[in-house]
Structures are given as C-alpha cells and as structure tokens.
Amino acid sequence: PDSPRGICGATADVMVARNFLRAVASGSGCYIHVVENTALNLKNTALEKGKLRGKGALERLCKIFGISGGDEYEKALKVADAVLKDIYRPVYEKMELVEKMAYPPRFKKWTELGILPGGAVAEVYKGVVKCSTNLNSDPVDMLLNCLKLGISTGIYGLTLTNLLNDVLLGEPEIRPAPVGLRVIDPDYINVMITGHQHTMFVHLQDRLTESDVVTKAKAAGAKGFKLVGCTCVGQDLQLRGAHYTEIFDGHAGNNYTSEAILATGAIDAVLSEFNCTLPGIEPICDKLLIKQICIDDVAKKANAEYLPFNFAERAKQSDEIIGKIIDSYKERRSKVALNLQKDHGHENSITGVSEVSLKKFLGGNWKPLVDLVVSGDIKGVAGVVGCSSLVSGGHDVLTVSLTKELIARDIIVLTAGCSSGGLENCGLMNPEAAELAGPKLKAVCKKLG
Ligand code: SF4
C-alpha cells in the first residue's frame, strides 16, 4: 500500500485480521446453523418416537456426554438437548461438551490460551461485532478469536453434526459404490440434492420409496424416484448409502460438477437446503425447465420456490414437494434432450469410511494401521479435505495432483467434503488406484484386496 495505515489509523495487519475474522465468523455461523437444525430434528424425532437408524452411534454419544437411563428416545432427547443448551449459552458461559469431545492435551492447551468458546451462536455475533469499523484493532486478539470460533465450529458444526446424523440417518458402512455422471438413470424422476442438512429431507427421502408415491411416478411414465448426490449432502448420502440403496444410486459430483449434472437433461428438480447451491445453476435450470425447490432460505435461489421446512408439517410438505417434482418431470421430459455421460465416473468407488467403520475394518483396534506407520510401509496420513476450487489449474486439478503425489510417496490420504467428490470421480478411491501408489503402500493395498 502507498500509506502504512488506513485513514482511521488501522495497520495492514489490523485490516487483514479483521477481514479474516469476518470470514471466520460468517463460516462459523453457517455450520452452527447446520448443527442447530440437526439437533432440533433429532429432538423432534425423539419426541414423536420416530425412526432412529444409528443405535450404536446414540450409545456412543451417551457415553461421551455422560447420559444414562431411559429408552432410546429419552437418550436421543437428552443428547439433542445437551447440544442445543450449549450452543444457545451466552458468550460468557463456556460450552460444557467441549471438554467431553476434545482430545485432552488439546483441551488443556485451549484452556491455557484462554480460547475456550462460550455459546457457539453468541460467539458468532461477538466475532461479527469485533470486526466492524473501528472496533477491535489488535490483530493478535482477533486471530485468537478465530481459533475460538474454530473450536466451536469444529466440535459442534462439524463433528457433532456428523454424529447426530449417524443417530438419525444410520452409520456409514465401508462398501464399493458408483460415482460420477453415470449414476443418473433417465428412467427415473431425478432430484439433485444440494446442501449439508440431510436430516431436513429424510422424511421426503423415505416417502419417495413408498408404494403410493412410486405409483404416481409410474403413472407419469417413470420407474420411480432417485436422489442424485451433489455437494456435501450427496457425499453424506453416499457415505450412508448402504441404508438407502433403493432411492440413491450414488454421488454424481461435487459443487462445481452441479452444472454438468444438470446439463445431462435428466434432472427434473433441484432440492436445496444449504451451500453449495451455486448461483450459476439458475440460468441452466431456467433453460432446461428444471424445478428448483429450496427448503431453507439461507440457500434461497432467485428462481427457486421456497417451501420452508417445518418438522411438524413435514408429511404434508413432502407430498407437496413430490407433486411439484412430478409436475416438473411431466412438463420437461418431452421437451429437453438428454446428454448422458454413462462412462463418466466409476462403478466401485470405496465409501463409508468413518472412525467407527474403519476401526471395525481393521479388526477392532488401530494397531494394524499404527504398525504399518511404525514399520515405514506407510509413511503417514495426510488430509486433503474441504471444498473443491477452481484455482491452481482448474476444477479439482490441485487436489487430484496433490493426492497422486502423496500416494506415490507411500502416504495415505484421508479426504472429505467436495475434495473427495473430485478424487472419487477421478478414480482415486477405486481399488485400482493402488497402481498409482508407491511400492510400499501399493503392497499394503494389494494385501487388503
Ligand atoms: S465441501 Fe465446500 S464446496 Fe463442497 S458443498 Fe461443502 S461447503 Fe460447498
């Protein structure tokens, strides 16, 4: 910059830290919104004694939280309430589950640094306040605040969202499954799902396989309904797909693949509930007559119909949405040409890896993996996680080339989010990807089959 300070006297460090905190507070707000809705859906399901598909996950959470007694519904209610109570605390009250969820030495370090978060919702507003004009001008304080938001977002927005999803939606199981544009079957009425809040449409998802609804699809000329996975929520469904084989054929692709998925012409509706429902899909949906339905206005698109999710009304809402999807199918299929890509993607991409399923696969403990690291057969584990991006060469180019380089050096890669969508579409989650690994890692893969 021409001047060392802004007109108010702020240094470049202050400006950068302030902008960073603003982005972190906004991101934290997003994922606290997700865990809030997920916990509310678990609570409401427990109150009406609805379907809980992950009993083992519920027991594990009860153990971590120190909850005992009562039937599964009472336990689920207590788990959901514990999460909600924490995130709604004021900023001056520390959240209680942090210590129960965190790795103990890390919790000790956070305590020493004074960055244990108060209520997660209140921490978001505090972060937003701090980064407004001429408030905080201490870059170190603002960066420490980012760490605090990172703790609440990581434990509640990410880890607990996943664990509550396990209880409501069923736990991941390791299995091979198809990925890529090949999963789109034009004989069905296809709904592309985008977002991160799977529990908001689980009722609709179940309803789509019930005989009276399938009969309606058949009357319209289709074999039934299919959900087509896209973005994080598609990956979540892929992960838990062992429980949903009837309605879900596989994950078609990550956020920036949405346009290609729609361009196949075989998608009849987009159901969005969170990011990343790209603004770029709006003109494509208009052109290809694809109905857009949004059930959470945080992800409202200009040309989407907004039907706000309401747990108590969900049976009525699901039927209303199904009617609109069928109407869209009838309206568009004779007018829009198909442009399917049946060779895109892979048939046997490995999915369903969670901490629990991986440990089970290893025989109930981590020793086989640790032994391989100790012996040097595996040099280590690297995470290639998060959103896909278009920088550094184009869509998924950076993450795919980085992963190829890591496995060639005998380092195994743990991946999640849209990065994993790109890696699986490029075949790096297929058993055949062992051929790209270094000699030691390749031998380990071959031994495991
Ligand atoms: S991983 Fe990132 S890009 Fe993909 S859906 Fe989630 S937030 Fe969006």
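Residues numbered from 1 in each chain as written. Predicted model: local features only at pLDDT ≥ 70, side-chain atom pairs only at ≥ 80, totals over all residues. Heavy atoms only, no water.

## Brief notes about the side chain of glutamine 238
Turning to step 1, where the next piece is worked out: Assignment of secondary structure puts glutamine 238 in helix α10 (residues 231-239).
Turning to step 2, where the next piece is worked out: Of note is the side chain of glutamine 238, whose polar atom sits 2.9 Å from the backbone nitrogen of histidine 251.
Turning to step 3, where the next piece is worked out: Among all residues touching glutamine 238, those that are not within four sequence positions of it are Arg175, Ala177, Pro178, Val179, Phe248, Gly250, His251, Thr351 and Glu424. (Helix = DSSP H or I, 4+ residues; strand = E, 2+ residues; numbered from the N terminus. Polar contact = N/O pair within 3.5 Å; in protein donor to acceptor, adjacent residues only side chain to side chain. Contact = heavy atoms within 4.5 Å.)

## Some points on the domain arrangement of the protein
Turning to step 1, where the next piece is worked out: As far as domains go, the protein holds domain 1 (12-169), domain 2 (175-332) and domain 3 (353-448).
Turning to step 2, where the next piece is worked out: Computed over C-alpha atoms, the centres of domain 2 and domain 3 are 29 Å apart.
Turning to step 3, where the next piece is worked out: On the side of domain 3, 13 residues touch domain 2, which itself brings 14 residues to the contact.
Turning to step 4, where the next piece is worked out: Overall, the association of domain 2 and domain 3 removes approximately 960 Å² of surface from exposure, summing both partners, and the carbon and sulfur fraction of that is 56%.
Turning to step 5, where the next piece is worked out: When residues of domain 2 are sorted by the area they lose upon contact with domain 3, Gln235, Asn254 and Tyr256 head the list and together hold 49% of the total.
Turning to step 6, where the next piece is worked out: Where domain 2 meets domain 3, there are 0 salt bridges.
Turning to step 7, where the next piece is worked out: Across the domain 2-domain 3 interface, the total number found is 8 residue pairs in polar contact (both at pLDDT 80 or more). (Domains from an automatic or database assignment. Buried area = accessible area lost by both parts, 1.4 Å probe. Salt bridge = Lys/Arg side-chain N within 4 Å of Asp/Glu carboxyl O.)

## Let's talk about the side chain of aspartate 236
Turning to step 1, where the next piece is worked out: By the element assignment, aspartate 236 lies in helix α10.
Turning to step 2, where the next piece is worked out: Residue class for aspartate 236 comes out buried when judged on its relative accessible area of 12%. (Buried < 20%, exposed > 50% of the residue type's maximum accessible area, 1.4 Å probe, protein only.)

## With respect to the packing of helix α2 (residues 55-65) against helix α3 (residues 72-87)
Turning to step 1, where the next piece is worked out: With their axes 10 Å apart at the nearest point, α2 and α3 run at an angle of 55° to one another. The orientation of α2 relative to α3 falls into the category oblique. Between α2 and α3 lies a crossing whose hand is left-handed. On the side of α2, the interface is formed by Lys55, Leu58, Glu59, Leu61, Cys62 and Phe65, while α3 contributes Glu72, Lys75, Ala76, Val79, Ala82 and Val83.
Turning to step 2, where the next piece is worked out: Residue composition of the contact of α2 with α3, grouped by class: 8 nonpolar, no polar and 4 charged. (Axes fitted to C-alpha atoms, helices over the stretch in contact; angles between N-to-C directions. Parallel < 35°, antiparallel > 145°, perpendicular 65-115°, else oblique. Left-handed = near helix turned anticlockwise from the far one by under 90°. Nonpolar A, V, L, I, M, F, W, Y, C, P; charged D, E, K, R; others polar.)

## A word on the site of the ligand
Turning to step 1, where the next piece is worked out: Residues in contact with the ligand, as listed here, are Tyr31, His196, Thr231, Cys232, Asn255, Asn275, Cys276, Cys387, Gly417 and Cys418.
Turning to step 2, where the next piece is worked out: Of the residues in the shell around the ligand, the class split is 5 nonpolar, 5 polar and no charged.
Turning to step 3, where the next piece is worked out: Here the shell around the ligand spans two domains, since at least three of its residues come from each of domain 2 (175-332) and domain 3 (353-448). (Near = heavy atom within 4 Å.)

## A look at helix α16 (residues 397-408)
Turning to step 1, where the next piece is worked out: Across its 12 residues, α16 extends 17 Å between first and last C-alpha, which sits within 8% of the 16 Å expected from 1.5 Å per residue.
Turning to step 2, where the next piece is worked out: Of the surrounding secondary structure, the elements contacted by the buried residues of α16 are β9 (380-385), β10 (411-416), α17 (418-425) and α18 (439-448).
Turning to step 3, where the next piece is worked out: Once α16 ends, the next one or two residues include aspartate 410, with phi positive near 65°. (Expected span 1.5 Å × (residues − 1).)

## Quick word on the packing of aromatic side chains
Turning to step 1, where the next piece is worked out: Considering all chains together, one arrives at 1 aromatic pair under this definition.
Turning to step 2, where the next piece is worked out: Each ring, one from tyrosine 31 and one from phenylalanine 274, has its centre 5.7 Å from the other, and the planes form 75°; the classification is edge-to-face. One end of the pair, tyrosine 31, is in helix α1 (residues 12-47); the other, phenylalanine 274, is in the loop between β5 (269-272) and α12 (281-287), with 243 residues separating them in the sequence.
Turning to step 3, where the next piece is worked out: Over the ring of tyrosine 188 we find lysine 226, and its NZ or CZ is 4.8 Å from the ring centre.
Turning to step 4, where the next piece is worked out: The positively charged end of arginine 314 is found above the aromatic ring belonging to phenylalanine 311, 3.8 Å away from the centroid. (Phe/Tyr/Trp six-rings, centres within 6.5 Å; stacked < 30°, edge-to-face > 60°. Lys NZ or Arg CZ within 6 Å of the ring centre and 35° of its normal.)

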